[in-house]
Each structure stands twice: as structure tokens, then as C-alpha cells.
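Notes for the structure review
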Amino acid sequence: MRILVWLFRAAIFFTLFAFALNNQHDAGVSWFFGQEWRAPMVFIVLAAFALGCAFGVLAMVPSWWRHRRVAKRHTDDVALPAEAKPAEPPPDSTLQAPPRDGL
């Protein structure tokens, strides 16, 4: 299974590498007041992708903080002294851990 995952990753890498080699001609991005940025198209696509990823992460930060705050408040409310904790049932053997190597 690991070999298939690495072959899939290699295929994605070589596909993107071929895309970059095929898009080396100059392209321009027109800004305000007649300004223009000229660069190879692959750099423009990479910059747009990086800005999109950064925007997505920054847009999720407030939600992550809120969920973290709620989870911390919940664990603080539920915390019991060690001697008062009920005995935990044995783990269910039907539950399985998630796959270790994901994509």
C-alpha cells in the first residue's frame, strides 16, 4: 500500500513539473494605475495558489480558536478528581484506528 501511495505522489509531482515546464512563457497581471507585473506563467499560478492557501488558513483561524476555547471549557467543567472518576469500560474491539498513511 505504501508503494502505491508513493507512486501516486510521484505521478502528481511529475504532472505538476510538466505543467511548470510547459508554462514558462511570460504573462502579465495588470494592476491599478497602469501597473503591470510580468513573470513566467508558472510563477503567477504558484503565487495565486499560495495566496489562496494563506487566505483559507487565515479565514479558519477564528473558528479554530473558538472551537478550542469551547473544548477547553468543556474539559475544565467535566474534570473530576482522580479518586472520583468512574471506571472506564474496556475498549471496544470493533473500533479501529484511522489509517496511518493518508493522502
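Keep in mind that what you see is a predicted model, and the values were worked out from it rather than measured. (Residues numbered from 1 in each chain as written. Predicted model: local features only at pLDDT ≥ 70, side-chain atom pairs only at ≥ 80, totals over all residues. Heavy atoms only, no water.)

The next point concerns the overall build of the protein. When you go through the protein residue by residue, the secondary structure sums to two helices and two strands. Starting at the N terminus, the α and β elements of the protein follow one another as α-β-β-α. The long-range share in the protein, meaning contacts at least 24 apart out of those at least 6 apart in sequence, stands at 16%. Surface summary for the protein: the accessible area is close to 9800 Å², and the carbon and sulfur share equals 69%. (Helix = DSSP H or I, 4+ residues; strand = E, 2+ residues; numbered from the N terminus. Contact = heavy atoms within 4.5 Å. Areas by Shrake-Rupley, 256 points an atom, 1.4 Å probe, with all protein chains shown as cover.)

Next up on the list: the pattern of salt bridges. Taken as a whole, this structure holds one salt bridge when the rule is applied. In this structure, R38 and E36 form a salt bridge, with 3.3 Å as the shortest nitrogen-oxygen distance. Taking relative accessible area as the criterion, E36 reaches 44% and is therefore assigned partly exposed. (Salt bridge = Lys/Arg side-chain N within 4 Å of Asp/Glu carboxyl O. Buried < 20%, exposed > 50% of the residue type's maximum accessible area, 1.4 Å probe, protein only.)

As a further point, take the pairing of strand β1 (residues 26–30). Relative to strand β2 (residues 36–40), β1 is paired through five bridges, and the arrangement is antiparallel. Across the sheet, the residue bridging to A27 is A39, located in β2. Here β1 hands over to β2 after five residues, with F33 in that stretch at a positive phi of 55°. (Pairing = 2+ DSSP bridges.)

Okay, a nonpolar patch on the surface next. Taken together, M1, I3, L4 and L7 make up a surface patch of nonpolar side chains, about 520 Å² in accessible area. Along the chain, the position of I3 falls in helix α1 (residues 2–22). I3 gets classed as exposed once you look at its relative accessible area, which sits at 63%. (Patch = residues over 30% accessible without salt bridge, like charges linked within 9 Å, V, L, I, M, F, W, Y side chains within 5 Å.)

Looking now at the layout of surface pockets. The space that makes up the largest pocket amounts to roughly 160 Å³. In terms of lining residues, the largest pocket is bounded by L16, F19, A20, V42, V45, L46 and F49. Taken together, the elements giving at least two residues each to the lining of the largest pocket come down to α1 and α2 (41–78). No other element matches the four residues that α2 contributes to the lining of the largest pocket. A breakdown of the residues in the lining of the largest pocket according to their chemical character gives seven nonpolar, no polar and no charged. (1 Å grid on protein atoms, 1.4 Å probe; cavity = no way out; pocket = protein on both sides within 12 Å on 5 of 7 lines; lining within 4 Å. Points joined across faces, edges and corners; volume = space filled by probe spheres on them. Nonpolar A, V, L, I, M, F, W, Y, C, P; charged D, E, K, R; others polar.)

Before going further, it helps to examine the environment of A20. Counting through the fold element by element, A20 comes out in helix α1. Sequence-wise, A20 and V45 are 25 residues apart; in three dimensions their C-alpha atoms are separated by 9.4 Å.

What follows covers the packing of aromatic side chains. Applying the stated criterion across every chain yields a total of two aromatic pairs. Ring geometry for F13 against F14: centres 5.2 Å apart, planes inclined by 70°, an arrangement best described as edge-to-face. Exposure remark for F14: the relative accessible area of 52% places this residue in the exposed category. Taking the centre distance of 6.0 Å and the plane angle of 15° together, the rings of F13 and F17 count as stacked. (Phe/Tyr/Trp six-rings, centres within 6.5 Å; stacked < 30°, edge-to-face > 60°.)

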